[in-house]
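Single-letter residue listing:
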Amino acid sequence: DIIMKIVVIVMLSVFLATSCFATRVMEDTEAIKKLMPGIEGSPEEVVVALTPELIAAVNSRAGIEKLKDEKEIRFLVGKKEGKVTVVCVKDIEAGKWGPIEYMVAMDPEKKIVSDIVVLAHEEARGKMITQRKFLDQLKGVSLQNTLEVGKDLKGITGATVTSKSLGPAAKNSLILMDVLYNKH
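Residues numbered from 1 in each chain as written. Predicted model: local features only at pLDDT ≥ 70, side-chain atom pairs only at ≥ 80, totals over all residues. Heavy atoms only, no water.

Considerations on helix 3 (residues 52–62)
Listed in full, the buried residues belonging to helix 3 are I55, V58 and N59. Down the axis of helix 3, the sector holding all buried residues measures 95°, keeping them to one side. The exposed set on the far side of helix 3, more than 90 degrees from its buried face, consists of E53 and S60. Of the residues trailing helix 3, G63 is marked for its positive phi of about 75°. (Buried < 20%, exposed > 50% of the residue type's maximum accessible area, 1.4 Å probe, protein only. Helix = DSSP H or I, 4+ residues; strand = E, 2+ residues; numbered from the N terminus. Arc of directions from axis to C-beta.)

What follows is the structure, encoded as structure tokens:
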């Protein structure tokens, strides 16, 4: 009986230790420097107010209820020689253990992902999603890519659910840019 209590206490302690603490990987300012190198000055913030029509358009394109209670979406826009060369959006996608906060840089002309970074996560086994080996798979993807783990993306052993979250995250960012930023 006492051994069972000890086992339960140890298991509960391990569970709480791995699931209650978010890992902050990168601050926004560091992410902006990484995702928008060589831009002129600071990025411009473009705020798009969401109407029911815009929300419906994004959700329809995403195939899920991506936008629910949001009132606006904020884009960061970087320019070189006066021309917009990069558009970034920060968002959150559900992981297995909790939210994954990320920022995606996109080429507005080619409509592709140029880079992505994970800002914070709560994944117990998903630390690999923060590493370039995994994230670099998403560079160059467009709205035409399916981004399925095992087909288009190499998953992370032991973190399949976590691996599956960033493909749709990248694609949803492209949808946000295409529907909201490109139409503002």
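Focus: the confidence of the model for the chain
Per-residue pLDDT for the chain averages 83, and the proportion of residues at 70 or more is 80%. Ignoring residues within four places in sequence, the model shows residues 16–20, a span with pLDDT below 50, making five contacts including any to other chains. (pLDDT = per-residue confidence, 0-100. Contact = heavy atoms within 4.5 Å.)

Side note on the sheet that holds strand 6 (residues 112–121)
Taken in spatial order, the six strands of this open sheet run 1-6-5-4-3-2, and their pairing is antiparallel. In this open sheet, the two strands that pair with only one neighbour each are strand 1 (23–24) and strand 2 (44–49). Those strands touched by helix 2 (residues 28–35) are strand 3 (72–80), strand 4 (83–94), strand 5 (99–107) and strand 6, and its axis lies near 160° from that of strand 6. (Pairing = 2+ DSSP bridges. Axes fitted to C-alpha atoms, helices over the stretch in contact; angles between N-to-C directions.)

Quick word on the nonpolar core
Ranked by size, the top nonpolar core spans 33 residues in total, and within it F75, L166 and L180 carry the most contacts. Among the secondary structure elements, those contributing two or more residues to this core are strand 2, helix 3, strand 3, strand 4, strand 5, strand 6, helix 4 (132–135) and helix 5 (160–181). Broken down by element, this core gets its largest block of residues, 10 residues, from helix 5. Once residues within four sequence positions are removed from consideration, F75 is found in contact with E44, E45, V46, V48, V87, C88, V89, L176, M177, L180 and Y181. Of all hydrophobic cores here, the second largest spans 13 residues; its members include A31, L76, C88 and L119. (Core = buried A, V, L, I, M, F, W, Y, C linked by side-chain atoms within 4.5 Å.)

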